[in-house]
Structure formats: C-alpha cells, structure tokens
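If you want the building blocks of each chain, they are given just below.
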Amino acid sequence: MNPLDAHQQAAAQLRSSIPGLSEDPLFRAPWQTRVFALVVALVQQGHFSWATFQSRLAALVTKTEKQKHATSAAAVEGLYFNCWLQAIEETLESQGMLSARDIDQRIAIVRETVKEIRAAQSGS
C-alpha cells in the first residue's frame, strides 16, 4: 500500500468512527491525519471528551483569527493546524497526560531528527 492509499484509508476509518461527522475532514499531509487519529483514539479511550478538545480548539481559532490575518490559503491552513496542535498540547497537559516540559523535550527531539535527516540528504 502506498502512502496516499494508507492516508485515505486512515481518513475513511476516522470518518466512520466520529458520530455526527457530516463531511470529510480535509488533511493535506499524513501527519495531520495521524494527529487527528490520536485525538480520536484518546477520546474513544475515555481520556477526555470530544467537547473538551473541540471547545479548546474553537477558542484558539477565534483568538488567532482576531490577532492574525492570513493573506493566503496556505497561511490560513498553517494557522489552523497550529491551533490544532496547541489545542492538543493544552488538552493533554490539562488532563495530566503530558507536561509542558515533556512536550518541549519531544519537540526538541523531532527538530534534531529533522536536522540530522536534512544534513544526511544534503551530504548524499
């Protein structure tokens, strides 16, 4: 199965698992689908309610819209997914599942890994 097929299959499974979802969520990158799947799984396992995450996301989107004015579709998408990530981080932190320090450490690991991959790619 190629990555696009896997992405589409994951999105279809997510759509079917969320009650009341009336339209397909739009994900342009596999990481976006994975993050969404993480939230859905945590909700299904009872770690927090969909409403808890959704209200936090809505508040962040509203706040961002008041503070920043995107000038392109890509900028709007970037701001929206930044809100998603922030809402997930805040939800996980408020539920005691991760601390801000845990999140910062994991971000640092990802950044270092990306730096190493780019260095390896530029050297090849």
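Owing to the predicted nature of the structure, the values given are computational and were not obtained by experimental measurement.

1. Let's talk about the packing of helix H2 (residues 30–44) against helix H4 (residues 73–94)
- Direction vectors running N to C along H2 and H4 enclose 30 degrees, while the axes themselves pass 12 Å from each other. In this view, H2 runs roughly parallel relative to H4, as classed from their interaxial angle. By crossing handedness, the relation of H2 to H4 is classed as left-handed. Between H2, through Trp31, Gln32, Val35, Phe36, Val39 and Leu42, and H4, the contact on the second element is made entirely by Glu77, Phe81, Trp84, Leu85, Ile88 and Leu92.

2. With respect to the pattern of salt bridges
- According to the stated counting rule, one finds 2 salt bridges in the structure shown.
- Its salt-bridge partner being Arg56, residue Glu90 comes within 3.5 Å of it at the nearest N-O pair. Highlighted residues: Glu90 in helix H4 and Arg56 in helix H3 (residues 50–67), separated in sequence by 34 residues.
- The salt bridge involving Lys115 is made with Glu112; its shortest N-O contact spans 3.9 Å. Taken together, the positions of Lys115 and Glu112, both in helix H5 (residues 100–123) and 3 residues apart, correspond to about one turn of that helix.
- In this structure Lys115 comes out as exposed when scored by relative accessible area, which is 54%.
- Glu112 sits in the partly exposed class, given a relative accessible area of 36%.

3. Observations regarding the environment of Ser99
- Here Ser99 is to be found in the loop between H4 and H5.
- Here Ser99 falls in the partly exposed class, since its relative accessible area comes to 29%.

4. A few points about the packing of aromatic side chains
- For the structure shown, the criterion picks out 5 aromatic pairs.
- Geometrically, the ring pair formed by Phe53 and Trp84 is tilted, given 4.9 Å between the ring centres and 55 degrees between the ring planes. Residue Phe53 is located in helix H3, and its partner Trp84 is located in helix H4; the two are separated by 31 residues in the primary sequence.
- Judged by relative accessible area, Phe53 falls into the buried class, the value being 1%.
- Judged by centre distance (5.4 Å) and plane angle (80 degrees), the ring pair of Tyr80 and Phe81 falls under edge-to-face.

Rules behind the numbers
Residues numbered from 1 in each chain as written. Predicted model: local features only at pLDDT ≥ 70, side-chain atom pairs only at ≥ 80, totals over all residues. Heavy atoms only, no water. Axes fitted to C-alpha atoms, helices over the stretch in contact; angles between N-to-C directions. Helix = DSSP H or I, 4+ residues; strand = E, 2+ residues; numbered from the N terminus. Parallel < 35°, antiparallel > 145°, perpendicular 65-115°, else oblique. Left-handed = near helix turned anticlockwise from the far one by under 90°. Contact = heavy atoms within 4.5 Å. Salt bridge = Lys/Arg side-chain N within 4 Å of Asp/Glu carboxyl O. Buried < 20%, exposed > 50% of the residue type's maximum accessible area, 1.4 Å probe, protein only. Phe/Tyr/Trp six-rings, centres within 6.5 Å; stacked < 30°, edge-to-face > 60°.

Geometry only, nothing functional implied.
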